[in-house]
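Inside the fold
Chain residues, written in single-letter form:
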Amino acid sequence: MLKLDSVKFNYETQDFEFDFDLAGGRCMAVMGESGSGKSTLLNLIAGFLTPRSGAIYYGNQRIDQLAPHQRPLTILFQEHNLFNHLNVYQNIGLGIRPSLKLNESEKQSIHDALNKVNLAGTENRLPESLSGGQRQRVAIARCLVRSRPILLLDEPFGGLNEELKSDIKVLLNQLKKELNLAMLWVTHDPDDVEGIVDEAMRLEHGKIITLINKCVGETLTAPATNLKDNPRNQPK
Amino acid sequence: MKLKSLFHLFIFTLSCSALADENQILNVYTYDSFSSEWGPGPKLKEQFESQCQCELNFVALDDALAVLGRLKLEADDTPADVVVGLDMNTLAVAKQTGLFTPHELTITDLTLPMSWQDEVFIPFDYGYFAFIYDADKLTSPPQSFESLIENQQNLKLVIQDPRSSTPGLGLMLWIKSLYADRAGELWKNLSPSILTITPGWSEAYGLFLKGEADMVLSYTTSPAYHMIVEAKQNYKAAEFKQGHYIQIETAGIIKHTKNKQLANEFLSFLLSKEAQLSIATGNWMYPAALNRDNLPQAFAELINPQTTLYIDPDEIVKYKSKWTQEFINAVSN
Amino acid sequence: MKFWGWLPVGIITSVYFIALSGLLSEINSNELDLSLNHHYLIKIIKFSLIQAVLSTLLSVGLAIPVARALHRQQFTGKPFLLMICGLSLVLPVIVAILGIVSVHGNTGWISHLLALVKIKANYLYGLAGILIAHVFFNLPLASRIFLLGLNTIPASSWRLAGHLGMNSMQIFRFLEWPLLRTQLPQVAGLIFLLCFTSFAIVLVFGGGLKYSTLEVAIYQSIRFEFDIPRAVLLAFIQIAICASVFIMLTRRSSDFSLQNLSELTVVRIDGKAPKSRIFDTFILIIFMLWIILPIMAIAGGAFNLPAWSVVNSDGFIKAIKGSLLISLSSAAVASLIVTSLCYFYKFIGQNSSATGLLDLLVQLILIFPPFVLATGLFIILKGNMSITGPVIVIIVNVLAILPFMMRILLPAVLFTRRYDQLSVSLGIINLNRFSQIDWQIIRKSFALAVGVGMALSIGDFSVIALFGSQDFQTLPLYLYRLMGAYRMEEAGVIAVIICLLSLSAFFISQQIIGRNSA
């Protein structure tokens, strides 16, 4: 379980404060205007920013003092998820070991991951020869081989069409269940997360103003729309 | 791997230039036409090394004045042991640097046209500045600076920069010695005849030989080179009735030399008969310690200036920069 | 990270600091006598300005019709002409001088032609020669920049111009001139700076004393008279003038690069008019001859087989050793410095005033007379010139090639920013980060930078003129000497060798460093 315990941060005149938790196997949507603190939240969890006070836990382990790559999480960025000069195999392999010195089982895991995202056989191709959707699936394959329990997604559908979006969403949903991932998904469009999201929060001026805990069920359509339409909802 | 080989190449080039010999080395600073393959340098090196158990290392710069500049820059750290080629006109400036030490020679039979008393520098050759022309192209050469000026439509001169070249300085002093206060005016009138002012003698002489100019400032003795080496009789020195300025070239020892003994030996060698002959037929000047009878016949056919002009070195030190400025202002219009 | 960034900044700053303190120490011991050379000083400043202004006016003025002609005419030799254009930009100055002498000299091609009609041509030495050489270098430069500008005029404008039936004059007035005018101050300023600080060209064509610029006067003050106070005075005047031009330039900065010369996709109707055709053809033929003749003269030097014996001479051996020493070590040192500088730049990238200072520090050498810098260093370092000489030549060379190398490498290093978060999140840090990610991205640019640095060093003819002797010389100095001695055939061979060496430095560095790993 990911837990943010009154994590505070400030940048210029803006104060940020986050306090919530997210269990494994669940997906939380993070929404809000640009500048509301979505990226700041992600960066705090990922370790690109250091909180002024408060703590971040994974289970009982405090993780906010760890270097970004030591944290039990993996990130799917909006773009530049892949190194353009490296082939698919290397891009995934780097997720296992930054020196790319892999043993046999690790090599096999790369092929397995590619199978899982339906990209078997693309090992030697360069990212530029893949479509946008394929590139994101390679990035997901890397998330797989990293087998970290938390997955942070930062607008992962940027520039993809509807069909590709739903393909990838099916894949992510499947992984969420299989691997019991805690997913934190930043998006501006509630439709993106439809059918996969379990919980949602809305940020404004660096604070969580709406937090919806939907304990069961498959969809969150109504509340998501709600979030979009009524930004002035009070915190729970 | 590749970086390594680059590195080796680098070290290789470094070591090539810095490699030192075990032998005792005498570093001699001089001007390039002295040490070049067609100058007296290589022969002198061979002759001296056969008797000294040492290595004679010429460090050559464009001109004796550049040598002086380098000495001023390096000052006490100069690796030079001996400096060859500073002329009478630059001696006083050279002494002001405080870098030279008196020689230990006793000089007796000099053949200079004037007396020589100097504890620091020994003269090794001399000559007279003169304009050289090609007799095949120029039938009635000018015989004075005035006639040079009158003929400025047809006569293009190459001269040297008095700041960087001893002949250039010589010409400036030549004109000063003749015209005194009117020198600036003469330069102004001469200016249209000047094709270009080169930094050194070699450039000027090269330009002339290529036919780019009608006359070049050099020495009365220069035609001897063409007669002896090239068997050409057409290059001649124009004789000026007003007289010719003398240049006496000297050698001196650097104060900080670690090879003082060897340096003195080299100076004494320079005055030996064999060296004096090599200098006369390599540097194309009159020897300073050898009768002209010993020289090839060609030397006898050269013009022999009736009047020898020179200015006292102390005077030169005092006024050199003023005169140089006067010259620059006159010709840089 | 911080340390490795501050290190080169510290090194560069201390080089300038050491040089300045050396110079100032000399000035204290000598009185500066201004009254004596007042007259001469004014003359030099005046001539420096006049020749630079004339060179700029000629280059820029001629570049406009050339760029127009190149833009509106399509012909088979166009890519070739553009290539030759680019070639003239990278030609070492001293090599180009030889080419110009062979064409325009008193015994050159043009004077041979004129001799047929009994005209004695004698124009190369003096102001004319300086202008010819400056225009040779800067006309192609200005033309290329203007052509790039013209290429940015959108196709719709051309269609509209055709639709409205604009003639050539109107097109110039309403379409081309407004665009060229925005480029003009930059281009003119750049060319003015290049010509104002020009050294080798003025040294060779200035006829010694008659025409001297500040840069040459500085060199002569140091080399001939060892007059440090005057050299420093001249240097400060030059820096002051350059700096004010430089500041004016950066104020209205709009960056243009010389790359990506895109092909024109629209055919301009005004180029088809017979009048324009004739005019453009005339302009382009003159332009082509102007550039190609000296280059042909240089290339022709290779076919003078007997003159190749010069490679056996002692002087040549020393010169090529010197050139290799200087260029290899300069490029090696500069590539280390430039790499850490670029990373430092990336590191402080958010802070624009800091990056501005860094830019200034790197580009200072463009207006700082190298001779003064070198002399200041020598006064402090002292010692045997045959050892400190090469060291100082290398130091000054490193500074001189840094701005060019940085311009090539910096965009690549900044490009790696996009992988910063991803790399950190994957734990690809330190050496892994550099070898797996950054090096792969920057190696092509790095190779290019090293190649350019090496090629520039091989062709450099500045400080070496001050420190060179018979024993320590480089190929450009040797070439200068041979030209001075009027041994043009041998000089021609050396020129070819310099070009070949520069080219191979360029290609070898791409091969060794820039090649993709399998």
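The model shown is predicted, which means the values in this text are computed figures rather than measured ones.

Topic: the overall build of chain A
- Regarding its fold elements, chain A presents six helices and 10 strands.
- What you see for chain A is a C-alpha radius of gyration of 18 Å, in line with the 18 Å of a compact globule of 236 residues.
- Structurally, chain A occupies a C-alpha span of about 50 × 40 × 30 Å along its principal axes.
- When each of the 236 residues of chain A is scored for burial, the buried share is 52%.

A few points about the overall build of chain C
- Scanning chain C for helices and strands turns up 21 helices and zero strands.
- The C-alpha radius of gyration of chain C comes to 24 Å, within 12% of the 24 Å expected for a compact globule of 518 residues.
- Dimensions along the principal axes, computed over C-alpha positions, put chain C at roughly 75 × 70 × 50 Å.
- In chain C, of all internal contacts separated by at least 6 residues, the share reaching a separation of at least 24 is 81%.
- As displayed, chain C has an accessible area near 21,700 Å², and 69% of this comes from carbon and sulfur atoms.

Regarding the interface of chain C and chain B
- Taken together, the contact between chain C and chain B spans 44 residues of the former and 49 residues of the latter.
- Of the roughly 4,400 Å² buried between chain C and chain B, counting both surfaces, carbon and sulfur atoms make up 59%.
- At the junction of chain C with chain B, the criterion picks out zero salt bridges.
- Where chain C packs against chain B, one counts two residue pairs in polar contact (both at pLDDT 80 or more).
- Elements with a minimum of two residues in the side of chain C that touches chain B: helix H2 (34–72), helix H10 (214–223), helix H13 (314–347), helix H15 (370–381), helix H16 (385–415), helix H20 (475–484) and helix H21 (488–512) of chain C.
- Here the residues of the side of chain C that touches chain B are counted per class, giving 15 nonpolar, 17 polar and 12 charged.

Description of the arrangement of the chains
- The protein chains that touch form two pairs of chains, and the pair with the most contacts between them is chains B and C.
- There is a clear gap between chain A and chain B: no contact, and 20 Å between their nearest C-alpha atoms.

Describing the interface of chain A and chain C
- Facing 20 residues of chain A, the contacting portion of chain C comprises 16 residues.
- Summing the contributions of chain A and of chain C, the shared interface buries around 1,700 Å²; its carbon and sulfur component is 65%.
- The interface formed by chain A and chain C holds zero salt bridges in total.
- Across the contact surface, chain A and chain C share eight residue pairs in polar contact (both at pLDDT 80 or more).
- Among the elements of the structure, helix H2 (88–96) and helix H4 (132–146) of chain A are those that each provide at least two residues to the side of chain A that touches chain C.

Some details on the domain arrangement of chain C
Residue and element names in this part refer to chain C.
- Domain annotation for chain C reports domain 1 (1–31 + 305–518) and domain 2 (47–89 + 125–295).
- For domain 1 and domain 2, the distance between their C-alpha centroids amounts to 26 Å.
- The interface is formed by 25 residues belonging to domain 1 together with 23 residues belonging to domain 2.
- Taken together, both faces of the contact between domain 1 and domain 2 bury some 2,000 Å²; the carbon and sulfur share is 79%.
- In this assembly, domain 1 and domain 2 are joined by two residue pairs in polar contact (both at pLDDT 80 or more).
- The set of elements that each furnish at least two residues to the side of domain 1 that touches domain 2 consists of helix H1 (2–29), helix H14 (352–363), H15, helix H19 (463–467) and H20.
- Here the side of domain 1 that touches domain 2 takes five residues from H15, the largest share from any one element.

Structural notes on helix H9 (residues 201–209) of chain B
- Of all the positions in H9 of chain B, only Glu203, Ala204, Tyr205, Gly206, Leu207 and Phe208 of chain B are classed as buried.
- One or two steps after H9 of chain B, the chain reaches Gly211 of chain B, where phi turns positive at roughly 85 degrees.

Things to note about the environment of Thr375 of chain C
- As for its position among the elements, Thr375 of chain C is in helix H15.
- Assessed through its relative accessible area of 1%, Thr375 of chain C is described here as buried.
- For the pair Thr375 of chain C and Leu466 of chain C, spaced 91 residues apart in the sequence, the C-alpha separation amounts to 8.8 Å.
- Every residue in contact with Thr375 of chain C, bar those within four places of it in the chain, is listed here: Leu73 of chain B together with Ile222, Ile228 and Leu466 of chain C.

A few points about the nonpolar core
- In this structure, Phe131, Phe145 and Trp187 of chain B are the most contacted members of the largest nonpolar core, which totals 262 residues.
- Top contributing element to this core by residue count: H16 of chain C, with 16 residues.
- Excluding residues within four positions of it along the chain, Phe145 of chain B makes contact with Phe131, Leu171, Trp174, Ile175, Leu178, Tyr179, Leu186, Leu190, Phe240 and Gln242 of chain B.
- By size, the runner-up hydrophobic cluster in this structure holds 65 residues, among which are Val28, Leu91, Ala251 and Phe269 of chain B.

Considerations on the side chain of Thr30 of chain B
Residues and elements named next belong to chain B.
- The residue Thr30 is located in strand S1 (residues 24–31) in this model.
- Exposure remark for Thr30: the relative accessible area of 0% places this residue in the buried category.
- Residues within four places of Thr30 in sequence aside, it is in contact with Ser35, Phe58, Val59, Ala60, Leu61, Val67 and Val84.

Some remarks on helix H3 (residues 104–116) of chain A
Residues and elements named next belong to chain A.
- Over its 13 residues, H3 runs 19 Å from end to end, which matches the ideal 18 Å to within 8%, given 1.5 Å per residue.
- All buried positions along H3 are accounted for by Glu106, Ile110, Ala113 and Leu114. For H3, the buried positions fall inside an angular range of 100 degrees around the axis, keeping them on one side. Turned more than 90 degrees away from the buried face of H3 sit Glu104 and Ser105, all of them exposed.
- In this structure, the buried side of H3 is in contact with H2 and H4.
- Where H3 terminates, the next one or two residues include Asn118, which has phi positive at roughly 60 degrees.

Considerations on the packing of helix H8 (residues 183–190) of chain B against helix H13 (residues 313–331) of chain B
Residues and elements named next belong to chain B.
- Where H8 meets H13, the axes come as close as 8 Å, and the angle between the chain directions of the two elements is 30 degrees. Between H8 and H13, the interaxial angle falls into the category roughly parallel. In this structure, H8 meets H13 at a crossing whose hand is right-handed. In this structure, H8 uses Ala183, Gly184, Trp187 and Lys188 to contact H13, whose residues at the interface are Glu326, Phe327, Ala330 and Val331.
- Residues that form the contact of H8 with H13 fall into these classes: five nonpolar, one polar and two charged.

Some remarks on the state of the cysteines
Residue and element names in this part refer to chain C.
- According to the stated counting rule, one finds one disulfide over all chains in the structure shown.
- No disulfide involves Cys242; its sulfur sits 11 Å from the nearest other cysteine sulfur, which is in Cys195.
- Given the relative accessible area of 0%, Cys242 is considered buried.

Analysis parameters
Residue numbering note: each chain is counted from 1, following its sequence as written. Labels are handed out in written order, letters beginning with A for the chains and numbers beginning with 1 for the ligands. For this predicted model, a pLDDT threshold of at least 70 governs which residues receive local features, and a threshold of 80 or more governs which side-chain atom pairs are given and counted, while totals over whole chains, interfaces and linings are taken from all residues. Side-chain metrics rest on all non-hydrogen atoms present in the structure, leaving aside hydrogens and water. What counts as a helix is a DSSP run of H or I of at least four residues, what counts as a strand is a run of E of at least two, and both are numbered from the N terminus. The globule rule used here is 2.2 Å times the number of residues to the 0.38 power, and the radius of gyration it is set against is calculated over C-alpha atoms. Relative accessible area decides the class of each residue, using a 1.4 Å probe on protein chains only: under 20% of the type maximum gives buried, over 50% gives exposed, and in between gives partly exposed. Here, two residues are considered to be in contact whenever any of their heavy atoms come within 4.5 Å of each other. Using a 1.4 Å probe, accessible areas were evaluated by the Shrake-Rupley method; residue-level cover was limited to the displayed protein chains. Defined in terms of a 1.4 Å probe, buried area is the accessible area two parts forfeit on being brought together, summed over both. We define a salt bridge as a contact between a side-chain nitrogen of Lys or Arg and a carboxyl oxygen of Asp or Glu at a distance within 4 Å. Pairs of N or O atoms are called polar contacts if they sit within 3.5 Å, as long as, within protein, a hydrogen donor faces a hydrogen acceptor (for residues adjacent in sequence, only side-chain-to-side-chain pairs). In this classification, Asp, Glu, Lys and Arg are treated as charged, Ala, Val, Leu, Ile, Met, Phe, Trp, Tyr, Cys and Pro as nonpolar, and every other residue, Gly included, as polar. As annotated, the domain borders come from an automatic or database domain assignment. We call a set of buried Ala, Val, Leu, Ile, Met, Phe, Trp, Tyr and Cys residues a nonpolar core when their side-chain atoms join them within 4.5 Å. Take the number of residues in a helix, subtract one, and multiply by 1.5 Å to get its expected span. Here the arc refers to the directions that run from the helix axis out to each C-beta atom. Angles here are taken between N-to-C directions and fall from 0 to 180 degrees, while the axes themselves are lines fitted to C-alpha atoms, restricted in helices to the stretch in contact. Each angle receives one of four descriptions, namely roughly parallel if under 35 degrees, roughly antiparallel if over 145, roughly perpendicular if within 65 to 115, and oblique otherwise. Crossing handedness: left-handed means the near helix sits turned counterclockwise from the far one by under a right angle, and right-handed means the same turn made clockwise. Any two cysteine sulfur atoms within 2.5 Å of one another count as a disulfide.

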